[in-house]
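# Residue-level structural notes
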Amino acid sequence: GRPVTTVDELVGLFPPGTRIDDDGTLVVGGCRLGEIAGEFGTPVLVVAEQAIRQRAREYRAGLTARWPDSQVVFASKAFPCTAVQRAMVEEGLWIDVAGGGEIMTALAAGADAATMVLHGNAKTTEEIQLAVEAGVGTVVVDNFDDIDRLEAVVPSGLEQGCLVRVIPGVQASTHAAHATGHEGSKFGLTPRLAREAIARLQRSDRLRMDGLHTHVGSQIMVAEELAAAVEPLAALGRFPVYDLGGGLGARYTYADHPPSMDRYLDVLIDAARAHLPADARILIEPGRSMVASSAVTLYTVTTV
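Residues numbered from 1 in each chain as written. Predicted model: local features only at pLDDT ≥ 70, side-chain atom pairs only at ≥ 80, totals over all residues. Heavy atoms only, no water.

## Examining the overall build of the protein chain
The number of helices and strands found in the protein chain is twelve helices and 13 strands. Rg of the C-alpha trace for the protein chain: 20 Å, near the compact-globule value of 19 Å for 304 residues, within the 12% margin. By residue count, 50% of the 304 residues in the protein chain fall in the buried class. For the protein chain, contacts bridging at least 24 residues in sequence account for 64% of all contacts bridging at least 6. Approximately 13,900 Å² of the protein chain is accessible, and the part contributed by carbon and sulfur atoms is 52%. Here the protein chain carries 26 positive and 38 negative side-chain charges, and the mean point of each set is 3 Å from the other. (Helix = DSSP H or I, 4+ residues; strand = E, 2+ residues; numbered from the N terminus. Rg over C-alpha atoms; globule rule 2.2 N^0.38 Å. Buried < 20%, exposed > 50% of the residue type's maximum accessible area, 1.4 Å probe, protein only. Contact = heavy atoms within 4.5 Å. Areas by Shrake-Rupley, 256 points an atom, 1.4 Å probe, with all protein chains shown as cover. Lys, Arg positive; Asp, Glu negative; His and termini not counted. Charge placed at Lys NZ, Arg CZ, Asp CG, Glu CD.)

## Structural notes on the nonpolar core
If you look at the biggest cluster of nonpolar residues, it comprises 70 residues, and the most contacted ones within it are Met 88, Val 164 and Leu 212. By residue number, the principal contributor to this core is helix 11 (residues 261-275), which donates eight residues. If we skip the residues at most four places from it in the chain, Met 88 touches Ile 52, Ala 56, Phe 74, Leu 93, Ile 95, Met 290 and Val 291. (Core = buried A, V, L, I, M, F, W, Y, C linked by side-chain atoms within 4.5 Å.)

## So, the pairing of strand 6 (residues 94-98)
Across the five residues that make up strand 6, a large majority, four, are buried. As defined by bridge partners, strand 5 (residues 70-75) adjoins strand 6 across three bridges and the pair is classed as parallel. Pairing of Phe 74 across the sheet is with Ile 95, part of strand 6. What joins strand 5 to strand 6 is helix 4 (residues 82-90), and the crossover it makes is right-handed. Inspection of the sheet shows strand 6 paired to strand 7 (residues 116-119) by four bridges, in the parallel sense. (Pairing = 2+ DSSP bridges. Right-handed = clockwise from strand over helix to strand, strands pointing away.)

## Quick look at the state of the cysteines
The full count for this structure, using the stated rule, is zero disulfides. As a non-bridged cysteine, Cys 81 has Cys 31 as the owner of its nearest cysteine sulfur, 16 Å distant. Classification of Cys 81 as partly exposed rests on a relative accessible area of 26%. (Disulfide = S-S within 2.5 Å.)

## Topic: the pattern of salt bridges
By the definition in use, this model includes 20 salt bridges. Between Glu 35 and Arg 32 there is a salt bridge; the shortest N-O distance is 3.0 Å. Arg 32 gets classed as partly exposed once you look at its relative accessible area, which sits at 25%. For the salt bridge of Glu 159 with Arg 208, the shortest nitrogen-to-oxygen distance reads 3.6 Å. Of the two residues, Glu 159 sits in the loop between helix 7 (144-153) and strand 9 (160-165) while Arg 208 sits in strand 10 (residues 207-213), which places them 49 residues apart along the sequence. For Arg 208, a relative accessible area of 32% puts it in the partly exposed group. Sharing partners across several salt bridges, the network here consists of Arg 19, Asp 21, Asp 23, Arg 32 and Glu 35. (Salt bridge = Lys/Arg side-chain N within 4 Å of Asp/Glu carboxyl O.)

## Some points on helix 8 (residues 191-203)
Spanning 13 residues, helix 8 covers 18 Å between terminal C-alpha atoms, matching the ideal 18 Å at 1.5 Å per step. Taken as a whole, helix 8 has its buried residues at Ala 194, Ala 197, Ile 198 and Leu 201. The arc enclosing the buried residues of helix 8, seen along the axis, measures out at 105 degrees, which places them on a common side. Of the residues in helix 8, the exposed ones pointing more than 90 degrees away from the buried face are Arg 192 and Arg 203. (Expected span 1.5 Å × (residues − 1). Arc of directions from axis to C-beta.)

## Description of the layout of surface pockets
Space inside the largest pocket adds up to approximately 550 Å³. Contributing to the lining of the largest pocket are 25 residues, with Gly 12, Leu 13, Arg 251, Ala 292 and Ser 293 lying nearest its centre. Among the elements of the structure, helix 3 (49-66), helix 12 (288-291) and strand 13 (295-298) are those that each provide at least two residues to the lining of the largest pocket. At four residues, helix 3 tops the list of elements feeding residues into the lining of the largest pocket. Taken together, the residues that form the lining of the largest pocket break down as 14 nonpolar, seven polar and four charged. (1 Å grid on protein atoms, 1.4 Å probe; cavity = no way out; pocket = protein on both sides within 12 Å on 5 of 7 lines; lining within 4 Å. Points joined across faces, edges and corners; volume = space filled by probe spheres on them. Nonpolar A, V, L, I, M, F, W, Y, C, P; charged D, E, K, R; others polar.)

## Brief notes about the side chain of Asp 210
In this fold, Asp 210 is placed in strand 10. One polar contact links Asp 210 to Arg 208, side chain to side chain, over a distance of 2.7 Å. (Polar contact = N/O pair within 3.5 Å; in protein donor to acceptor, adjacent residues only side chain to side chain.)

## Looking at helix 11
Helical geometry note: an α-helix holds 3.6 residues per turn, so side chains three or four residues apart project in the same direction. Between its terminal C-alpha atoms helix 11 stretches 21 Å, which fits the 21 Å expected from 15 residues at 1.5 Å a residue. Within the span of helix 11, buried status applies to Met 261, Tyr 264, Leu 265, Val 267, Leu 268, Ile 269, Ala 271 and Ala 272. Buried-residue contacts for helix 11 involve helix 3, helix 9 (223-227), helix 10 (230-234) and strand 12 (281-284).

So this is what it looks like as structure tokens:
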């Protein structure tokens, strides 16, 4: 593509509020990057805290305005760092955890376990035990092994909230490694198998069938692809909770032009209004679109 020609274009890939000082030094979050590199050495990851907090507030306000009974759940895997999780918790977000390590860092960040959502298509017995003992509020069931392990671990007299992850049959125009919602995905259950899992949870005296989860993929640049997963969920029935996943793309290069957060939420919630019960709770799980624009990594060039 053509070379970058303006300062605005250059700083457009950096955290909001980035500027260039008179001597040409990039300033992120009020800090001169050259001085940060000098003090901490490189490589060093720099996060603009106010930018990340503002993004969290915008997501919360944008979703709540469109669907009042809703919750933004930060997908920790996008930036599994205690300080970032702590900022999200302080901004009122729930925390999506993928495995035991993220449970531990989220607890260290001050997250209420009841507001955690545990993901993973290969949860170990140890991770499920940790989640149950910590009081993780929601476990997303990817397969029947998850149900077996939960049944064995949840003590009699307790009830573990569960969502069933459904493969929506949506082919996303993203890198093959980032697509998770297509037929043949290893994440979740086809609608036929999901019905079996739902029935099994509904029969359980230790597991509570709260609703459904889906995720089309990540780094997706077409809002309609994310919204296309809503109707297949609705076809499985009425439930208290629908977790519509995340997946909105982030801008890594000048050629990337993801939909705005408002555009994404408009299209997604329009689909929800068309297909889902009006009294359901909706969860969304932004990850890279929540954090990517707020961070930059500094390196030292040693050879050209």
